[in-house]
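Here is how the chains run, residue by residue.
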Protein chains: 6
Amino acid sequence: MSALELTRQYHFSAGHRLESPTLSSEENARLYGQCYRPHGHNYLVEVTVQGRRDPLTGMAADLGALDAAVKRLVLDRVDHYDLSSAVPALEGIPTTGENLARAFWEWIAPALPAGALRRVAVVETDNNIFEYRG
Amino acid sequence: MSALELTRQYHFSAGHRLESPTLSSEENARLYGQCYRPHGHNYLVEVTVQGRRDPLTGMAADLGALDAAVKRLVLDRVDHYDLSSAVPALEGIPTTGENLARAFWEWIAPALPAGALRRVAVVETDNNIFEYRG
Amino acid sequence: MSALELTRQYHFSAGHRLESPTLSSEENARLYGQCYRPHGHNYLVEVTVQGRRDPLTGMAADLGALDAAVKRLVLDRVDHYDLSSAVPALEGIPTTGENLARAFWEWIAPALPAGALRRVAVVETDNNIFEYRG
Amino acid sequence: MSALELTRQYHFSAGHRLESPTLSSEENARLYGQCYRPHGHNYLVEVTVQGRRDPLTGMAADLGALDAAVKRLVLDRVDHYDLSSAVPALEGIPTTGENLARAFWEWIAPALPAGALRRVAVVETDNNIFEYRG
Amino acid sequence: MSALELTRQYHFSAGHRLESPTLSSEENARLYGQCYRPHGHNYLVEVTVQGRRDPLTGMAADLGALDAAVKRLVLDRVDHYDLSSAVPALEGIPTTGENLARAFWEWIAPALPAGALRRVAVVETDNNIFEYRG
Amino acid sequence: MSALELTRQYHFSAGHRLESPTLSSEENARLYGQCYRPHGHNYLVEVTVQGRRDPLTGMAADLGALDAAVKRLVLDRVDHYDLSSAVPALEGIPTTGENLARAFWEWIAPALPAGALRRVAVVETDNNIFEYRG
C-alpha cells in the first residue's frame, strides 16, 4: 500500500427505486419497503486513489485526469437521470448503494493506472454510506 | 413580530422533474434543461414559527405538535415519492423549489395557531435555498 | 437597521434537564418527556451584531471585544457545566432553548454598544434552532 | 475482508462526567480537568458492517435489523440519559470516548452475524473521534 | 418585500492580508494582529435575490443568469487570486469581510433587475459571517 | 494494530501557491494552472493516533499532549502565514496537499510515542482530501 491516498468528492442528483427484476411487485414492496416507490437522492461519491509522490511536482496523482474520468464515466451517465430506468449500464440490477458503489468502481478502474483505485464510497443520505474496495 | 423564533429541520427524499403542463416537450427541455429529466433529491425543509414564551414552561411553541403537523401534512405526502407524478396536491404545477416552499406553507399554516408560521425554506441541494414567507 | 451584520459562532458542551420548579415531578415528566431526564448537548451559539463600517479599518465591529465578552459572560459560565444545577444565573428557570437564547442576550447586550446586538441563536441539535431578537 | 462495507450514523444526546472510581476527587479533577464537571454532548455513533452482496437483492446487510439492534442495545439505553449515573451497563467505568466505543461494540456485536461488525466510532464533538475495531 | 427569496452558494479560494493603506506597518500589525500577515481562506459567498413567481414556470428568478453574473463579476476576479495585491477593483481598501460583502454587492447589483438583490453574505471561516444588505 | 484509534481535527488558514523550484514560470503555470497564482485556503488537518486503553483512566492517548504538539509543531508555524514564502521548513518544496500531509507527519511523529501516529489528513477544500500514513 502506498503511503499516500487522495480522495475527491463528486455530487449528482438522481431518481431511483429499489426493485429486483426477479421478484414480483408484492415481493419487491415487502423487501424494499418505501424504497420500492420511485424517489430520489442527492448522491455524494468519494473516489480514493493511491499514488507515489513525484518529488518534482509534489503530486501523487493527476487529479485533473481523475476528474475527467469520473465526469465522463460516472457523472455524465447518472446526473439528473433516473437510475432505475434511464441508465443502460445499470439495467436489470437493483440500484442499491452496494450495487452503485460496485458499478462505479468497475466503470472507473479501467481508466486509471493499474492498482491506483482504492475505494469508491456512495453516500445516499448522511446516514447511509456504502464503500467498495474491489 | 415576536422576539422568539424557533426553527425545526426535516428531511425527505423524492424524485421529480421540472415540467410545465402548458409547454411542449421541446419548450420544457429548453426552459428547464437537465432538470426536465426525471431525477431526485434529498430535500431539507426548515419550518420557522414564532411564539410567546410561556414563563411557566419556558417554551414558545409546541414543537411536538409542529412535528406531528409537518409529518402528516408534508412528509407523509412527499417522502419517498415522485413529486411530479405521485403527489395529488402538486398535480399540474411545476415542482420548482419556489412552488414546493409555497405549497408546504399552505399545507402547514392552517394547522398552526394564526400567525405562528413565519418561514418555510426548501433546500434542494446545498447550493439552492428557496424561502417563502406567506 | 445597519446595512452590515456580523455573526460569530461559539460552541459549548453542557448538561441539562428540562424542569419547571412550579410543577410536580409527574407534571414535569408529562410536559417535557425524555427531556426531563438529565442529559446534555453540544450547543452552538450564534451572536449577530450590527455596526457601521469604519472606512479606515474596513471593520464594522470589534470582534475581539465581542469574543472576550461572550467568553466571559456566557462560555465561562456554561461550558462543561450542568445548566440545571451549576449555573446560578439560570437558577429556577427551565433551561429550554428559548430561555437560554433570552438569557444569553441579556448577559451580552449590556457589554456591547447600545443597539449593536441584533440576534442570539441557540442551536441545541441540528434540528432545533432558537432565535431571540430582544 | 469483504469488499463491501456499510456505515450507518446514529445520534443521541447524553450527560456525563469523566470520573475514575479508583481516584479521589482531587485526582479526578487533575486528570480530567473540566471534563470532571457534569456536562453533556450530542453524540454521533457510526457503525460499520461488512457483508457479501446478495445478487438477487443487491444488498450486503440488513440495515433494518442493524437499526433495530442499535436502537434496542445502544440508543434506548443512553439517549437522553446521564451516562455517568443512569446507565447500569456503564457503571464503574469512566465514560471516555474510548470506553463508550468499546462498550457499544460489545453491546452490538453479539446481535449481528459473526464477523459482520467492523468498526464503531463515537464522535463526541466534531474535533474528537474515537474508533474501535474489536 | 416579495414573499419569495432564493439563495445560491458560491465558493472561491483566495489569499489576502488585512492592511489599511493609511496606516504604518506597526499600526497595521497592532490593529489586525495575525491577519496582517499574508494568509488565505476558502470563502463561501451567499447571494440572496427576491422575485415574483412566474405561474407558468414556477420560478421566481433566473438562477442561470444569476450564476453567470456572479461568475463573471465576482468569481472570475477573485478565485485563486490574492485579494490584497491582484484584484484591481479592491485596490486600496482593506479586504475585511465587511468590505468584501459590500464590494460584491456593488459588483453584482447592477447586473440584476432593480431591487432583486437582497443580501450578500461572505463566510470567511465557519465562525465569521459577514452580511450586507445595500 | 491497536483496536483503538483517536482522531483530532485542527484548523488553520494560510496562503500558498503551487510552484516547483526546478521549473520555469511557464512550466509551473502549465503544470499547476490557477493554483500557480498566489491564493489560500482554510485547511483542516486530522491527526489519528492509536493507543492502548488505560483501564484506570479509560483513555488511550494523552490528547492534551497531542494538541500541544500539533499546536507547537504545526499550527504555530503555518496558521495565518503564506506557506510558499514564510515557512522555512517548507522552503523549496511545492506546497501540494501531498507534501503538506507528509511534512506534518514528519514534524509530529517524533514528538509522539513510537508507533502512535497512524494518519495525517490534510483537507484543502471539501473536495480534496490528502492522507498520509508514514
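Reading the values: the criteria
Residues numbered from 1 in each chain as written. Chains lettered and ligands numbered in written order. Predicted model: local features only at pLDDT ≥ 70, side-chain atom pairs only at ≥ 80, totals over all residues. Heavy atoms only, no water. Helix = DSSP H or I, 4+ residues; strand = E, 2+ residues; numbered from the N terminus. Buried < 20%, exposed > 50% of the residue type's maximum accessible area, 1.4 Å probe, protein only. Contact = heavy atoms within 4.5 Å. Areas by Shrake-Rupley, 256 points an atom, 1.4 Å probe, with all protein chains shown as cover. Lys, Arg positive; Asp, Glu negative; His and termini not counted. Charge placed at Lys NZ, Arg CZ, Asp CG, Glu CD. Buried area = accessible area lost by both parts, 1.4 Å probe. Salt bridge = Lys/Arg side-chain N within 4 Å of Asp/Glu carboxyl O. Polar contact = N/O pair within 3.5 Å; in protein donor to acceptor, adjacent residues only side chain to side chain. Pairing = 2+ DSSP bridges. Axes fitted to C-alpha atoms, helices over the stretch in contact; angles between N-to-C directions. Parallel < 35°, antiparallel > 145°, perpendicular 65-115°, else oblique. Left-handed = near helix turned anticlockwise from the far one by under 90°. Nonpolar A, V, L, I, M, F, W, Y, C, P; charged D, E, K, R; others polar. Expected span 1.5 Å × (residues − 1). Phe/Tyr/Trp six-rings, centres within 6.5 Å; stacked < 30°, edge-to-face > 60°. Lys NZ or Arg CZ within 6 Å of the ring centre and 35° of its normal. Least-squares fit on C-alpha atoms with pLDDT ≥ 70 in both. pLDDT = per-residue confidence, 0-100.

Draft legend 1. Up close: the overall build of chain A. Counting secondary structure elements, chain A contains three helices and five strands. Secondary structure elements of chain A, listed N to C terminal, follow the sequence β-α-β-α-β-α-β-β. The dimensions of chain A, computed from C-alpha atoms along their principal axes, are 60 × 25 × 25 Å. Going through the 134 residues of chain A one by one, you find that 57% of them count as buried. In chain A, once contacts between residues fewer than 6 apart in sequence are set aside, the share between residues at least 24 apart is 68%. In the structure as shown, chain A presents an accessible area of about 5700 Å², 50% of it carried by carbon and sulfur atoms. If the 13 positive side-chain charges of chain A are averaged to one point and the 17 negative ones to another, these points end up 5 Å apart.

Draft legend 2. Quick peek at the interface of chain B and chain A. On the side of chain A, 17 residues touch chain B, which itself brings 17 residues to the contact. In total, about 1400 Å² of surface goes out of reach between chain B and chain A, with carbon and sulfur atoms giving 47% of it. When the buried surface of chain B facing chain A is broken down by residue, Arg37(B), Asn42(B) and His80(B) rank first, second and third, together holding 42% of it. Connecting chain B to chain A are zero salt bridges. Joining chain B to chain A, the criterion identifies 19 residue pairs in polar contact (both at pLDDT 80 or more). Elements represented by at least two residues in the side of chain B that touches chain A include exactly strand S1 (4-16), strand S2 (39-51), strand S3 (81-82) and strand S4 (117-125) of chain B.

Draft legend 3. Inspection of the pattern of salt bridges at higher detail. All told, the structure shown has 48 salt bridges over all chains when counted by the stated rule. Its salt-bridge partner being Lys71(C), residue Asp76(C) comes within 3.0 Å of it at the nearest N-O pair. On the accessibility criterion, Lys71(C) (47% relative accessible area) is partly exposed. Between Glu5(F) and Arg133(D) there is a salt bridge; the shortest N-O distance is 3.6 Å. Of this pair, Glu5(F) sits in strand S1 (residues 4-16) while Arg133(D) sits in the segment after strand S5 (128-132), each in a different chain. One continuous salt-bridge network, built from bridges that share partners, spans Glu5(A), Arg118(A), Glu46(F), Arg119(F), Glu131(F) and Arg133(F).

Draft legend 4. Broad picture of the pairing of strand S5 (residues 128-132) of chain B. Residue and element names in this part refer to chain B. For S5, a buried count of five out of five residues is recorded, marking the element as mostly surrounded by other parts of the structure. Along S5, one buried face is formed by Asn-128, Phe-130 and Tyr-132 and the opposite face, lined by Ile-129 and Glu-131, is buried too. Where S4 and S5 come together, five bridges link them in antiparallel fashion. Bridge pairing links Val-122 to Phe-130 in S5.

Draft legend 5. Looking closely at the arrangement of the chains. The two units chain A and chain C are non-contacting; their minimal C-alpha-C-alpha distance is 13 Å. Kept free of each other, chain A and chain E leave a smallest C-alpha distance of 15 Å between them.

Draft legend 6. Just the interface of chain D and chain C, in detail. Listed by partner, the interface residues are 17 residues for chain D and 17 residues for chain C. For the pair chain D and chain C, the two sides together bury roughly 1400 Å², of which 47% comes from carbon and sulfur. Of all residues in chain D, Arg37(D), Asn42(D) and His80(D) bury the most surface against chain C, accounting for 42% of the area lost on that side. For the interface between chain D and chain C, the tally reads zero salt bridges.

Draft legend 7. Representation of the packing of helix H2 (residues 63-78) of chain B against helix H3 (residues 97-108) of chain B in the model. Residue and element names in this part refer to chain B. It is at 9 Å that the axes of H2 and H3 come closest, and there the two elements cross at 140 degrees. On the basis of their axis angle, the class for H2 and H3 is oblique. In the crossing of H2 with H3, the sense of the turn from one axis to the other is right-handed. On H3, the residues that touch Val-70, Leu-73, Val-74, Arg-77 and Val-78 of H2 are Phe-104, Trp-107 and Ile-108. For the contact of H2 with H3, the class distribution of residues is seven nonpolar, no polar and one charged.

Draft legend 8. Structural context of the environment of Ala116(D). All names here are of chain D. Among the secondary structure elements, Ala-116 is positioned in the loop between helix H3 (97-108) and strand S4 (117-125). The spatial distance from the C-alpha of Ala-116 to the C-alpha of Gly-51 is 6.4 Å, given a sequence separation of 65 residues. Once residues lying within four places of it in the same chain are set aside, the contact partners of Ala-116 are Thr-48, Val-49 and Gln-50.

Draft legend 9. Molecular detail of H3(B). Residue and element names in this part refer to chain B. The end-to-end C-alpha separation of H3 is 16 Å, in line with the 16 Å expected for 12 residues at 1.5 Å each. Among the 12 residues of H3, 10 are classified as buried, and the element is accordingly described as predominantly covered. By the burial criterion, the buried members of H3 are Gly-97, Glu-98, Asn-99, Leu-100, Ala-101, Ala-103, Phe-104, Trp-105, Trp-107 and Ile-108.

Draft legend 10. The arrangement of the packing of aromatic side chains in detail. Per the counting criterion, the structure on display carries 24 aromatic pairs over all chains. Residues Phe104(B) and Trp107(B) carry aromatic rings whose centres are separated by 5.4 Å and whose planes lie at 50 degrees to one another, so their mutual orientation is tilted. In this pair, Phe104(B) and Trp107(B) are both assigned in helix H3, three residues apart and thus about one turn of the helix distant. For Phe104(B), a relative accessible area of 0% translates into the label buried. Its relative accessible area of 13% is what places Trp107(B) among the buried residues. Taken together, Phe12(A), Tyr43(A), Phe104(A) and Trp107(A) form an aromatic cluster joined through their ring pairs. In this arrangement the basic side chain of Arg37(A) is found over the ring face of Tyr81(B), its NZ or CZ atom lying 3.8 Å from the centre.

Draft legend 11. Up close: the relation of the copies chain B and chain A. The operation relating chain B to chain A is a screw motion whose rotation component is 180 degrees, with 0.0 Å of axial translation and a residual RMSD of 0.0 Å. Both chain copies can therefore be described as sitting about a two-fold axis. A high fraction, 100%, of the interface residues of chain B reappear at the interface in chain A, so the copies pair face to face through one surface.

Draft legend 12. Examining the side chain of His39(C) more closely. Here His39(C) is to be found in strand S2 (residues 39-51). Its relative accessible area of 1% is what places His39(C) among the buried residues. A polar side-chain atom of His39(C) sits 2.7 Å from the main-chain carbonyl oxygen of Arg37(C). Beyond its immediate stretch of four places on either side in the chain, His39(C) contacts Gly15(C), His16(C), Arg17(C), Gln34(C), Ser13(D), Ala14(D), Gly15(D), His39(D), His80(D) and Tyr81(D).

Draft legend 13. Focus on the environment of His39(C). Remark: the alpha-carbon pair of His39(C) and Leu18(C), spanning 21 residues in sequence, is separated by 9.4 Å. There is a polar contact of 3.3 Å between the side chain of His39(C) and the side chain of His41(C).

Draft legend 14. Up close: the pairing of strand S5 (residues 128-132) of chain C. In this sheet, S5(C) lies alongside S1(B) in antiparallel orientation, the contact comprising five bridges. Paired with Glu5(B) across the bridge in S5(C) is Glu131(C). Hairpin remark: strand S4 (residues 117-125) of chain C followed by S5(C), antiparallel, with two residues in the connecting loop.

Draft legend 15. Expanded view of unusual backbone geometry. Despite not being glycine, His80(D) shows a phi value in the positive range, around 60 degrees. Position of His80(D) among the secondary structure elements: in the loop between helix H2 (63-78) and strand S3 (81-82).

Draft legend 16. Here's a closer look at the environment of Val49(B). Residue and element names in this part refer to chain B. By secondary structure assignment, the location of Val-49 is in strand S2. Placed 28 residues apart in sequence, Val-49 and Pro-21 show a C-alpha to C-alpha distance of 34 Å. Look past the residues within four positions of Val-49 in its chain and what remains in contact with it is Leu-4, Glu-5, Leu-6, Ala-61, Leu-66, Leu-112, Ala-116, Leu-117 and Arg-118.

Draft legend 17. Fine view of the side chain of Asn99(F). By secondary structure assignment, the location of Asn99(F) is in helix H3 (residues 97-108). Setting aside anything within four residues of it in sequence, one finds Asn99(F) in contact with Arg53(A), Gly58(A), Ile93(F) and Pro94(F).

Draft legend 18. Quick look at the confidence of the model for chain A. Mean pLDDT for chain A: 96, with 99% of residues reaching 70 or above. Taken over the whole predicted complex, pTM reads 0.97, whereas the ipTM for its chain interfaces reads 0.95.

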